[in-house]
Amino acid sequence: MKVIEAHIVPKGVDSIRLQDYAPTVFTSISSFQGIKKAIKRGMIRVNGLEASTGLWVKSGFKIELCDLELPVRKVYELRLEVVYEDEYIAIINKPGGIPVSGNHFKTVKNALPFNLRPSMRKNALPVFNPVHRIDSATCGLLLVAKTADAAVHLGNQFANRKVRKRYCAVVIGAVSEKGIVDMQVDGKDSISSYELVKKSRSIRNRFLSLVNLYPETGRTHQLRIHMAGLGNPILGDKLYGVEGEILRGKGLFLCAAGIKFEHPDTGAEMDFSIDPPYKFGRFMEMEEKRWEKYKSKIDLA
């Protein structure tokens, strides 16, 4: 067992439980939920013994955060596009249709060791850590932490809404030039904004619109729910789309196309963008051509 961090409780500390105290002194795990999980797994020891979340902390106690011997994780040999990588972070272009993590073998997280270099920093993570979620059906930019400090720093940026993300989507119908959606998701306040990039005619849907989407909050399926709530569901959305308009086999037309954040080590502003998949523009182009062909036949009749 390897000790990652150690702390001696100073004088004056009193009337606080371990689950509340530990997040204030450890940098590798700074969230209360993360500390609770670590205690339950036996990763946090007090005076050399496994501790409980309700233990009362006293001055002079030695608290250690340990790295348990984890089973070797199988590597999913899937080639990913690495957009950026250094000793602290990496950004990959996640393919659509593959979950970021979970109990399955075929996840992006299991493919990261096949694509990224191990960090040489002292607090390098044993397992690369994606620091935010992207739906399985969604493609695009995914930010990964390679060190414990980077994971904490980036986690705080997300919690404080300092990370700015831009999504690109094809939605059914015509939308206004720009707008704001303020609509609860799962009973919680959530806000998104959108701007129209272009629109095309469609025989099946009358119009298709290519839009940029900017989530102000980070609720699960927020953008998909918001656009469906406007009456403009994202093309290919099996959960919130219109029955008969799912376009089976073509996937979800939603891409995480841009991300801005502060580098966890240097503090420099990082700004990355990618083009949406080729199918976005191609499908709209084909729908426009079908419309023009149909319209010409009507005009000749």
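Cut-off values and rules
- Residues numbered from 1 in each chain as written.
- Predicted model: local features only at pLDDT ≥ 70, side-chain atom pairs only at ≥ 80, totals over all residues.
- Heavy atoms only, no water.
- Helix = DSSP H or I, 4+ residues; strand = E, 2+ residues; numbered from the N terminus.
- Pairing = 2+ DSSP bridges.
- Buried < 20%, exposed > 50% of the residue type's maximum accessible area, 1.4 Å probe, protein only.
- Salt bridge = Lys/Arg side-chain N within 4 Å of Asp/Glu carboxyl O.
- Expected span 1.5 Å × (residues − 1).
- Contact = heavy atoms within 4.5 Å.

Trainee: Just to check I follow, could you spell out the environment of Gly-267 for this structure?
Mentor: Residue position: Gly-267 is located in the loop between strand E13 (254-262) and strand E14 (269-273). Along the chain, Gly-267 and Gly-12 lie 255 residues apart, while their C-alpha atoms are 34 Å from each other.

Trainee: Even after reading the chapter, I still don't get the sheet that holds strand E1 (residues 2-8), so can you show me in this structure?
Mentor: The strands that make up a sheet pair up through hydrogen bonds in the backbone, lying either parallel or antiparallel. Sheet architecture is open: four strands sit in the order E1-E4-E2-E3, paired in antiparallel fashion. With one partner strand each, in any of the chains shown, E1 and strand E3 (49-50) form the two edges of the open sheet. Pairing of E1 with strand E4 (residues 62-67) involves six bridges; the strand directions are antiparallel. Along E4, the bridge assignment pairs Ile-8 with Lys-62.

Trainee: Mind showing me how you'd approach the pairing of strand E10 (residues 178-182) here?
Mentor: Side-chain positions along a regular strand alternate between the two faces of the sheet. Along E10, the buried face is formed by Gly-179 and Val-181; none of Lys-178, Ile-180 and Asp-182, which line the opposite face, is buried. The sheet contact formed by E10 and strand E11 (residues 191-202) spans five bridges and is antiparallel. The residue of E11 that forms the bridge with Gly-179 is Tyr-194.

Trainee: Just checking my understanding: could you explain the pattern of salt bridges for this structure?
Mentor: Two side chains that carry opposite charge are able to pair once their charged atoms sit near each other. In this structure the tally under the stated criterion is 11 salt bridges. A salt bridge links Glu-285 to Arg-282, with the nearest nitrogen and oxygen atoms 3.4 Å apart. Taken together, the residues Glu-285 and Arg-282, both in helix H6 (residues 278-300) and three residues apart, mark about one turn of the helix. Classification of Glu-285 as partly exposed rests on a relative accessible area of 37%. One salt-bridge network, in which partners are shared between bridges, spans Glu-85, Arg-117 and Lys-146.

Trainee: Please explain helix H4 (residues 148-159) as it appears in this structure.
Mentor: Given 3.6 residues to a turn, an α-helix orients residues that are three or four positions apart in the same direction. Taking 1.5 Å per residue as the helical rise, H4 with its 12 residues ought to reach 16 Å, and the 16 Å between its terminal C-alpha atoms agrees with that figure. Regarding H4, the residues found buried are Ala-148, Ala-150, Ala-151, Val-152, Leu-154 and Gln-157. Where H4 is buried, its residues meet strand E6 (89-94), strand E7 (124-130), strand E8 (139-147) and E13. Following H4 by one or two positions, Arg-161 adopts a phi angle in the positive range, close to 60 degrees.

Trainee: What am I meant to see in unusual backbone geometry here?
Mentor: With glycine set apart, most residues show a phi of negative sign, and most peptide bonds adopt trans. Its identity as a non-glycine residue notwithstanding, Asp-186 has a phi of 55 degrees, on the positive side. Relative to the assigned elements, Asp-186 resides in the loop between E10 and E11. Phi at Arg-206 takes a positive value of approximately 70 degrees, unusual for a residue other than glycine. Looking at the secondary structure, you find Arg-206 in strand E12 (residues 206-215). When its relative accessible area of 59% is taken as the criterion, Arg-206 is described as exposed.

Keep in mind these values describe shape, not function.
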